[in-house]
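Here is how the chains run, residue by residue.
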Amino acid sequence: MNIPNVNAHLHTPYSFSAFEKLTDALDKASDEKVGVVGINDFYSTDGYVEWDAEARKRRLFPLFNIEFISLQKEDRDNGIRVNDPNNPGRTYISGKGLKCPPKLEEPYSSQLKGVRAESNAQVGEMCEKVNRLLASRNSGFNLIFKVIEDCLSKGLVRERHLAKALRWSAYIYCRNEPDDIKSFLQDLFDGKPLKSDTLDYAGVENEIRSHLLKAGGAAFVPEDPKAFLPLDDVCKIILAAGGIPTYPFLADDANGCFTDFEQDVEKAAETLKRRGIFSAEFITTRNSPETLEKYADYLYDNGFIVTFGSEHNTPAMEPVLLSTRGKTALSEKLKKINYRSACVIAAHQKRVADGQTGYADANGNVDASLRDDFIDEGNKLIQNVIKP
């Protein structure tokens, strides 16, 4: 079997992205010889049709995914950190292989719109607090949320959009003079000096988020619990949209630490299965090669499909071709697991689009004994697209 490179988790401007345009992600994938690419935006399927058409133009095979943040109250009440290291109970969940063109019936469509509205409302409040801070410093300018929504986003406004807008406006106000920029931001940061070079836009925006928009910052607004649906409700939305509920593992951080939920991969796998989740993913640059191989190998051997991605949901531009922490290339075993799992998703999304039962049925049930059949079917679909 020919094993092409796969990146199954890429954010685009339909949420927040390092890429200015959706097609920039696909061009970079093509340049780096990544043959299978998965769009994976927060709360949005709006980019699917363009992703499909533009990927195929470049002989790339498209996967159609989505990402949510959910809340598990029992884990929160017990202080269990799941895959958010700072917020017990908060759980990121992806859906893989959704229908394209996207289709979501009620009540799920309204639930998704509600989550998007709550997310925008929170950032809107942050924008107001930024403007009050700017006024207190007699800055001579303010931020207009509607302009940020219309010009910097595709409808879903994240705090990173707000940080970008403030960085842009501050640079214009300071006439792009480095010393003036540093002085202006140091004042906004309550005396804390800017550590990044002013030409390091990603670094500056990250400092704006850290000093102003995160907990303890002058413009921080806590997220309303209404913005987080229970895990079961999120999985129902994913299934109704034709997808496969997927758990994103953080696994080991730079200090070799794990969250409470993930420190025992065997226990985590059993819990995920009880919750109706039979698919997992990793953002590979977070992890050591040893941990990534241990976790991915165990999960795949125990019936999960396991895909890898890069996110690209920060201002920093990184390669689309995947590597582990320290820029170590994926082993052949990891590339094989990633591709075989992508084949399952490819076959699943084709079957669901054709009105058939996919790898996960409408209730989320998975028959892992059929995985090899889906791999063969998906491999043919992918190779038909990416072969010159």
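What comes next concerns the included structure. (Residues numbered from 1 in each chain as written. Predicted model: local features only at pLDDT ≥ 70, side-chain atom pairs only at ≥ 80, totals over all residues. Heavy atoms only, no water.)

## Things to note about the nonpolar core
Here is a general trend for soluble globular proteins: nonpolar side chains tend to be buried in one another's company. Counting residues in each nonpolar core, the largest one holds 82 residues, and the members touching the most others are Val37, Trp51, Phe249, Phe282, Leu299, Val306 and Phe308. Here this core takes nine residues from helix α12 (residues 332–353), the largest share from any one element. Setting aside residues no more than four positions away along its own chain, Phe308 makes contact with Val6, Asn7, Ala8, His9, Phe282, Thr284, Leu292, Ala296, Leu322, Leu330, Leu334 and Asn338. Counting 30 residues, the second largest nonpolar core, distinct from the first, contains Val130, Leu185, Leu194 and Ile208. (Core = buried A, V, L, I, M, F, W, Y, C linked by side-chain atoms within 4.5 Å. Buried < 20%, exposed > 50% of the residue type's maximum accessible area, 1.4 Å probe, protein only. Helix = DSSP H or I, 4+ residues; strand = E, 2+ residues; numbered from the N terminus. Contact = heavy atoms within 4.5 Å.)

## Side note on the side chain of Ser17
Within the secondary structure layout, Ser17 lies in the loop between β1 (5–10) and α1 (22–31). What makes Ser17 buried here is its relative accessible area of 8%. Here the side chain of Ser17 touches His11 through a polar contact of 2.9 Å, landing on its backbone oxygen. A polar contact is formed between the side chain of Ser17 and the backbone nitrogen of Phe19, at a distance of 2.9 Å. Ignoring anything within four residues of it in the chain, the contact list for Ser17 reads His11, Thr12, His312, Asn313 and Thr314. (Polar contact = N/O pair within 3.5 Å; in protein donor to acceptor, adjacent residues only side chain to side chain.)

## Remarks on unusual backbone geometry
Looking along the chain, the bond that leaves Cys100 and enters Pro101 is cis, with omega of 0°. One non-glycine residue, Lys33, lies in positive phi territory at about 60°. Mapped onto the fold, Lys33 is located in the loop between α1 and β2 (34–42). Among the residues examined, Lys33 registers a relative accessible area of 66% and is labelled exposed.

## Here we look at the packing of helix α11 (residues 289–301) against α12
Where α11 meets α12, the closest approach of the two axes is 10 Å, and the angle between their N-to-C directions is 40°. By the angle between their axes, α11 is oblique relative to α12. Crossing geometry of α11 relative to α12 is assigned as left-handed. Every residue of α12 that contacts α11 at Leu292, Glu293, Ala296, Asp297 and Tyr300 is listed here: Lys333, Leu334, Ile337, Arg340 and Ser341. Taken together, the residues of the contact of α11 with α12 sort by class into five nonpolar, one polar and four charged. (Axes fitted to C-alpha atoms, helices over the stretch in contact; angles between N-to-C directions. Parallel < 35°, antiparallel > 145°, perpendicular 65-115°, else oblique. Left-handed = near helix turned anticlockwise from the far one by under 90°. Nonpolar A, V, L, I, M, F, W, Y, C, P; charged D, E, K, R; others polar.)

## Some words on the packing of aromatic side chains
Summed over the entire model, instances satisfying the criterion amount to 15 aromatic pairs. Ring geometry for Phe258 and Tyr295: centres 5.6 Å apart, planes at 15°, overall stacked. Here Tyr295 lies in helix α11 and Phe258 lies in the loop between β6 (244–249) and α10 (265–274), a separation of 37 residues in the sequence. Assessed through its relative accessible area of 24%, Phe258 is described here as partly exposed. Given a relative accessible area of 2%, Tyr295 falls into the buried group. Between Tyr359 and Phe374 the ring centres are 5.3 Å apart and the planes differ by 70°, which places this aromatic pair in the edge-to-face class. Of the two residues, Tyr359 sits in the loop between α12 and α13 (371–386) while Phe374 sits in helix α13, which places them 15 residues apart along the sequence. Like Tyr359, the residue Phe374 is buried in the burial classification. Through successive ring pairs, a cluster of aromatic residues spans Tyr247, Phe249, Phe258, Phe261, Phe282, Tyr295 and Phe308. Of note, Arg56 hangs over the ring of Phe61, and the distance from its end group to the ring centre comes to 5.5 Å. Positioned above the aromatic ring of Phe374, the side-chain terminus of Arg351 is 4.2 Å from the ring centre. (Phe/Tyr/Trp six-rings, centres within 6.5 Å; stacked < 30°, edge-to-face > 60°. Lys NZ or Arg CZ within 6 Å of the ring centre and 35° of its normal.)

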